[in-house]
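Residue-level structure breakdown
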Amino acid sequence: MCGIVGYIGHRDAYPIIIKGLQRLEYRGYDSAGIALYDGSHINLSKTKGKVTDLENKSKSSISMSGNLGIGHTRWATHGVPNDVNSHPHYSNSGDLVIIHNGIIENYESLKKELGKRGYSFTSDTDTEVLVNLIEEVQKSEGVLLGQAVQIALNQAVGAYAIAVFDKKKPDEIVVAKLGSPLAIGIGENEFFVASDASPFIEFTNNAVYLEDGEMAIVRLGKEIKLRKIQNDAIAYPNILELQMNLEEIEKGGYDHFMLKEIYEQPRAILDTYRGRLLPDQGIIKMTGIDQNLEKFLNANKIIIVACGTSWHAGLVAEYIFEDLARIPVEVEYASEFRYRNPVITEKDVLIAISQSGETADTLAAIKMAKEKGAFVYGVCNVVGSSISRETDSGTYTHAGPEIGVASTKAFTTQITVLTLMALKLAKEKGEFSESRFHEYLTELETIPAKVEKALESNTLVEIIADVYKHSTNCLYLGRGYNFPVALEGALKLKEISYIHAEGYPAAEMKHGPIALIDEQMPVIVIATKKGHYEKVVSNIQEIKSRKGKIIAIVTEGDEQVVDLADHVIEVPETIESFTPLLTTIPLQLLSYHIAVMRDCNVDQPRNLAKSVTVE
Ligand code: F6R
C-alpha cells in the first residue's frame, strides 16, 4: 500500500513525480504529497485526496522547480487521511524529508524516546517518527545520511520502503526496503526510485529491485551502492532490463483501466499459454513443473493460499486439480492459514496465487509453509515481485500490468496457469488418455476466441446494468466450477459499485439466502450446459416462484432457461472445466457498467488499494 516516487538528475523532478504518482495511485489514493529541492529550499506540498488534488494545490502553493524530489500517494494506516498526515514528512530541523510505504510497529516507544530528547510531532504517523529518529542518529553519532538511515532502521520494527533526502547533501537520495517493494531506475546520470517501474519506464529500461533488508545510496555521478541494512555487507546490484512498455500502462482509448483490462483478456490468456500449450506436439511445457515433477506427483496434498480474487481462482483450481488430476487440494485464505497452526508436512505442495506478488498475508503464509518443509510454488503476475522471489519455483501469468484495482485479467490468467498445471499433472499421472489430453489442449487453444465472443455481450450487459443500477442487494449463484465464479462476480460488484452482493453455491440457497428473495432482488445465476445444469434450472424455478429477478448466464443456444429468466446472457460452449474463463466475462462487465452508472470511481474504489502489503 502507498506508492512512492523519487527523482534525482538533470530534468525537472515535478512532472516526473506527479506522473509517477498517478501511475502508482492503484497502491493507495487517500492523500498525496511532494517535496522538491530547488537549490536552496525544500518546497513541500501535500493534501488529502488524489494526485490531481495535489497538482491543483501545488500550482498555487509552491515553487515547482528542482531536479531532486520525492512524492507519495497514501493508503492510510497510522492517522486518518488528512493534509497533516500525508507524506512527505519533515524532520524537526526541516533538513530531512521522507516518504514511506509500510508500518513502523514500534513507533510509539520510539516516539516517546524522541519526545524526551525534545522532538515534537505534528502528525499521527509512524513515518514522522522515523525521519526524526534518523535526524537524531545523524546528530548524536555525527554520521552522514546513509549511515544514519541504517542505524535508525536497525532500531525500527516493521515493514518499509523509504526514500529520504537531506537538504545539506542534495546530490543523493537514500532508499531502503523491508517488506514493501522498491525499484531504482538507472538513467544517464539520473536516477528514479519508485514502488514499481511504471513511473520511470519511459526514461529507462534498466532497473534494480532491492531485496528485503537492503538499502542504497543513490548519488549523482556515482554507481549505485547497495548494502545490507543489518550488517553493512555490500550487496551487488542486479541490473535488469525491463520488458514493460508505455502502452501497457496507459488507458489506450478506454474510459477506465478496468474496461481495458477486461477487453485485454483474449490476448492475456493467449500470452499466458503461449509457448506452454503445444497441442500439435501433445505436450504442455512448464519449466517450473518439469523441474519439480516428483514433488507434485508424490504430494500428499496441494494447499492453495491466496486472498480476494486470487483466492477465487484458487477455488476454481481445487475443482480442476481434483477433477482432472485427482490430487487432493485445500484452498485457504492466506490470512487465516498463517495464524491457525495448520498441518503441513514435507510431502505437501503449497501453491501461492497473487497478481501483485506483494500481498503481505500470502507472503507470510509462504514463509510459514517453507519453515515446515513444504515445497512452495508461486503463480504471480508481477515479474520479480516478493512472492515470486520467495517461492521455490513458479509460473508467471504474463497478463501484463493490471492497474484497475478490481482484478479481471489476473483472475482469468491465473485460472489459465492453474489449468495448464492440472492438465500436465493429469497426463503425467496417467489420468488422461492421449486423445482426451489432445481434446482438452485443442479446446484450451480456442478459449481466447471464445472470450472475444463472450465480450460481445457488452451492449446487452449495459442494458441490463441500467435496469438494476439502483439495486441495494444482489445474489450470485453458481454450482461446481461456477460456484467460485459466483463469488468473484459478487466481489466485483461490491468493490466497485458499493452494492451489497453475496455469492452462493446455487443449492445452498434454500438453506438461508432464499429468505432474501423478493421482487426487488436481482439474482445472477450461472446456468451453463453440463455441470449440474438441470439442478441449476430447478434453482431458477425456485427463485422465479418467489418473484426474484433472474439474470442468467447460459450456454449459446440454451432453450430452457430462456423461458424462465428475465434476462439471458449467452457465452460460447466449452469443456466444463474451462467454463469459468467465459462465464466470468459478463459478470465483470455487469459490475463495471453498474459502477459507471452509479458514478463510482471504477479504477480506484473507496478504501481499497491494489497491492495489500499490510496484514
Ligand atoms: C479484487 C482484488 C483483490 C485481490 C487481493 C489479492 O478485485 O483485486 O481481492 O485479488 O487483494 O491480491 P493479489 O492477487 O495481488 O495477491
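What counts and how
Residues numbered from 1 in each chain as written. Predicted model: local features only at pLDDT ≥ 70, side-chain atom pairs only at ≥ 80, totals over all residues. Heavy atoms only, no water. Near = heavy atom within 4 Å. Polar contact = N/O pair within 3.5 Å; in protein donor to acceptor, adjacent residues only side chain to side chain. Helix = DSSP H or I, 4+ residues; strand = E, 2+ residues; numbered from the N terminus. Nonpolar A, V, L, I, M, F, W, Y, C, P; charged D, E, K, R; others polar. Domains from an automatic or database assignment. Pairing = 2+ DSSP bridges. Contact = heavy atoms within 4.5 Å. Axes fitted to C-alpha atoms, helices over the stretch in contact; angles between N-to-C directions. Phe/Tyr/Trp six-rings, centres within 6.5 Å; stacked < 30°, edge-to-face > 60°. Buried < 20%, exposed > 50% of the residue type's maximum accessible area, 1.4 Å probe, protein only. Lys NZ or Arg CZ within 6 Å of the ring centre and 35° of its normal.

**Quick look at the site of the ligand**
Residues in close proximity to the ligand total 15 residues, the closest being Ser310, Ser354, Ser356, Thr359 and Glu495. Interatomic distance of 2.6 Å between a side-chain N/O atom of Ser354 and an oxygen atom of the ligand. In the model, an oxygen atom of the ligand is placed 2.9 Å from a nitrogen or oxygen of the Ser407 main chain. Of all elements in the fold, only α10 (308–325) and α18 (483–497) reach the threshold of two or more residues within the shell around the ligand. Here the residues of the shell around the ligand sort into five nonpolar, eight polar and two charged. If you count residues domain by domain, the shell around the ligand takes at least three from each of domain 2 (251–445) and domain 3 (456–615).

**Observations concerning the sheet that holds strand β1 (residues 3–8)**
Spatially, eight strands are ordered β3-β2-β4-β1-β10-β9-β11-β15 in an open sheet, and the strand pairing comes out antiparallel. Two strands bound the open sheet, and with one partner strand each, they are β3 (42–48) and β15 (240–241). Pairing geometry for strand β2 (residues 31–37) and strand β4 (residues 68–74), over seven bridges, is antiparallel. Residue pairing in the sheet places Gly33 in a bridge with His72 of β4. Along the sheet face, helix α2 (residues 51–61) touches β2, β3 and β4 and points at about 140° away from the line of β3.

**Observations regarding the packing of aromatic side chains**
How two aromatic rings sit relative to each other is given by the distance of their centres and the angle of their planes. Following the criterion strictly, the structure yields twelve aromatic pairs and no others. An angle of 15° between the planes, with centres 5.2 Å apart, marks the rings of Phe192 and Phe203 as stacked. Here Phe192, found in strand β10 (residues 191–194), pairs with Phe203, found in the loop between β10 and β11 (206–209); they are eleven residues apart in sequence, far enough to count as distant. The interplanar angle of 45° and the centroid separation of 6.5 Å between the aromatic rings of Phe375 and Tyr377 together place this pair among those described as tilted. Like Tyr377, Phe375 is buried. Here a set of aromatic residues connected by ring pairs shows up, and it is made of Tyr7, Phe192, Phe200 and Phe203. The side chain of Lys427 reaches across the aromatic face of Phe437, ending 5.1 Å from its centre.

All we've got here are geometric facts, nothing functional implied.
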